[in-house]
Amino acid sequence: MDLFTGSERAQKYIEDLTAFMTDRVYPAEAVYQEQMRAAGAPHHHPQILEDLKTEARERGLWNLFHPHPQWGPGLTNLEYAPLAEIMGRSPALAPEACNCAAPDTGNMEVFTLFGTEEHKQRWLEPLLAGTIRSAFAMTEPDVASSDATNIEMSMRRDGDDYLLNGRKWFASNALHANCKVLIVMGKTDPDALPHRQQSMMVVPIDAPGVLVVRNLPVFGYSDREGHAEIVFDNVRVPSRDVLAGEGEGFAISQARLGPGRIHHCMRAIGMAERALELMCRRAESRSTFGAKLSERANIQDWIAEARIEIEQTRLLTLKAAWMMDTVGNKQARVEIAAIKVAAPNMALKIVDRAIQLHGAGGVTEDFPLASFWAHLRTLRLADGPDEVHKRSIARAELGKYRQRGSAKA
Ligand SMILES: Cc1cc2nc3c(=O)[nH]c(=O)nc-3n(C[C@H](O)[C@H](O)[C@H](O)COP(=O)(O)OP(=O)(O)OC[C@H]3O[C@@H](n4cnc5c(N)ncnc54)[C@H](O)[C@@H]3O)c2cc1C
């Protein structure tokens with residue numbers, strides 16, 4: 001497949017998805033706002049989303065992310081990249097409408113790779129059908145969680161079960177009206193080697209002892225899916241719900257985060273494209289001091305820079321996708337880390353300039369820019385802060401010279 005033109009089937013999905021966005025998703029944005037406002041509850045699940053889900057399914061735009069042909073169209077990362085970008089243009093609606101929203105995509109992949117037959121039936125199938133949703137609970141308020149070896153939640157063996165005790169926060173999606181299941185990471189053996197201490201377990205959100213304490217608003221936004229603080233108080237989990245066995249938690253978290261990260265980056269590029277489009281339309285339609293904004297040199301400079309930076313970041317993202325497809329997620333880790341830093345920062349800069357160009361309107365809900373900004377800013381933390389990814393890139397780069405013994409040279 002050609003990096004620039006894509007495969008024939010990818011082209012077809014691009015056309016169909018673009019048509020769906022134009023016919024149904026963009027016009028639904030105002031309806032969505034209205035239904036959320038009318039409900040007056042931040043975690044309300046509006047009817048418009050169910051309508052969009054039905055239509056996306058009918059159009060064959062469902063589970064596009066899933067790389068396994070048994071469960072989805074079986075697209076490669078390179079084929080999926082432009083589709084995630086297109087969905088990213090309307091991040092509150094399109095990913096969920098097409099059943100391609102985080103963190104479900106990552107969780108579905110975990111159930112596919114590490115779940116038992118029972119997990120697949122009970123959780124994976126309804127997730128793939130879009131009838132339930134899920135959350136991933138790793139981060140804890142009391143420890144620096146960007147280093148996953150710090151995670152403290154206790155998962156203590158008790159007969160055939162485990163007892164879970166601890167506090168998590170920022171479990172995204174846990175307040176979604178349809179959230180039914182959590183994948184939880186904790187420590188089963190604090191004495192094992194640092195990367196063998198952790199395990200992942202499947203916990204129904206209504207299990208006795210699971211207490212969703214509060215939602216954490218982000219820059220004042222109470223996101224519909226929610227970012228939950230959750231207390232686990234003697235939560236009993238049968239040993240059959242340990243994913244892939246004791247001590248595998250760290251390895252699963254690495255497997256889970258690769259594809260999830262690239263999806264976030266692709267959607268960030270979509271947000272940057274939409275911001276650039278809004279910037280151009282606004283610059284063409286408003287005048288100050290006798291000239292259109294689009295005629296000002298500094299604004300042309302912003303527009304040109306935005307185009308250059310989007311193209312650069314897209315190329316790097318496609319390279320990472322291509323490497324994931326050809327040499328695997330592990331070998332692609334430097335490229336994945338690089339785009340995880342590059343894409344949100346690039347998109348933030350463009351969205352910030354688009355906000356500036358829109359004047360006061362830019363910070364309101366009349367345009368999607370303010371919410372894009374808030375979301376993109378959190379992406380510099382979620383799925384690993386910039387600094388942690390840069391650390392990995394620098395270590396890989398320095399490692400090349402250490403291996404050759406160039407320190408002496
Ligand atoms: C909107 C949002 C959604 C999220 N969703 C989820 C979710 O669904 N599930 C989940 O488990 N978690 C989720 N998270 C949490 C996220 O993954 C963590 O915030 C992140 O891993 C950082 O952990 P921490 O907050 O404990 O920061 P800490 O580990 O305390 O780090 C704080 C800061 O220290 C700096 N730092 C860390 N290490 C280094 C280093 N080696 N060198 C230099 N500087 C360093 C970085 O600037 C970092 O931001 C979400 C976060 C946000 C904001």
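Since we're looking at a predicted model, the values are computed, not measured. (Residues numbered from 1 in each chain as written. Predicted model: local features only at pLDDT ≥ 70, side-chain atom pairs only at ≥ 80, totals over all residues. Heavy atoms only, no water.)

Chemist: Mind showing me how you'd approach the site of the ligand here?
Modeler: The full set close to the ligand counts 19 residues, and Phe136, Thr139, Ser146, Phe170 and Glu387 are the nearest of them. Within the side chain of Ser172, an N or O atom sits 2.8 Å from a nitrogen atom of the ligand. At 2.8 Å, a side-chain N or O of Glu387 approaches an oxygen atom of the ligand. Contact with the protein chains hides 68% of the accessible area of the ligand, taken as 970 Å² for the molecule alone. Contributions of two or more residues to the shell around the ligand are made by β1 (133–137), β3 (161–172) and α11 (386–403). For the shell around the ligand, the element with the highest residue contribution is α11, accounting for 3 residues. (Near = heavy atom within 4 Å. Polar contact = N/O pair within 3.5 Å; in protein donor to acceptor, adjacent residues only side chain to side chain. Areas by Shrake-Rupley, 256 points an atom, 1.4 Å probe, with all protein chains shown as cover. Helix = DSSP H or I, 4+ residues; strand = E, 2+ residues; numbered from the N terminus.)

Chemist: Please explain the packing of aromatic side chains as it appears in this structure.
Modeler: The description of two aromatic rings rests on the distance between their centres and on the angle between their planes. Counted according to the given criterion, the structure contains 2 aromatic pairs. Both rings, one in Trp169 and one in Phe170, keep their centres 5.3 Å apart while their planes meet at 80 degrees; by these two values the pair is edge-to-face. Trp169 gets classed as partly exposed once you look at its relative accessible area, which sits at 27%. Ring centres 5.3 Å apart and planes at 65 degrees place the aromatic pair Phe219 and Trp373 in the edge-to-face group. In this pair, Phe219 is assigned in the loop between β6 (210–215) and β7 (227–238) and Trp373 in helix α10 (residues 369–379), connecting sequence segments 154 residues apart. (Phe/Tyr/Trp six-rings, centres within 6.5 Å; stacked < 30°, edge-to-face > 60°. Buried < 20%, exposed > 50% of the residue type's maximum accessible area, 1.4 Å probe, protein only.)

Chemist: Would you mind showing me how to read the nonpolar core here?
Modeler: General note: in soluble globular proteins, nonpolar side chains tend to be found buried as a group. Among the nonpolar cores identified, the biggest contains 87 residues, and Phe20, Tyr80, Met87 and Leu376 are the most heavily contacted of them. In terms of residues, this core owes the most to one element, helix α7 (residues 249–285), which gives 14 residues. Those residues in contact with Phe20, other than ones at most four positions away along the chain, are Val25, Leu52, Glu55, Ala56, Arg59, Leu61, Ala97 and Cys98. Membership of the second largest hydrophobic core comes to 22 residues, among which are Ala171, Leu182, Val184 and Ile205. (Core = buried A, V, L, I, M, F, W, Y, C linked by side-chain atoms within 4.5 Å. Contact = heavy atoms within 4.5 Å.)

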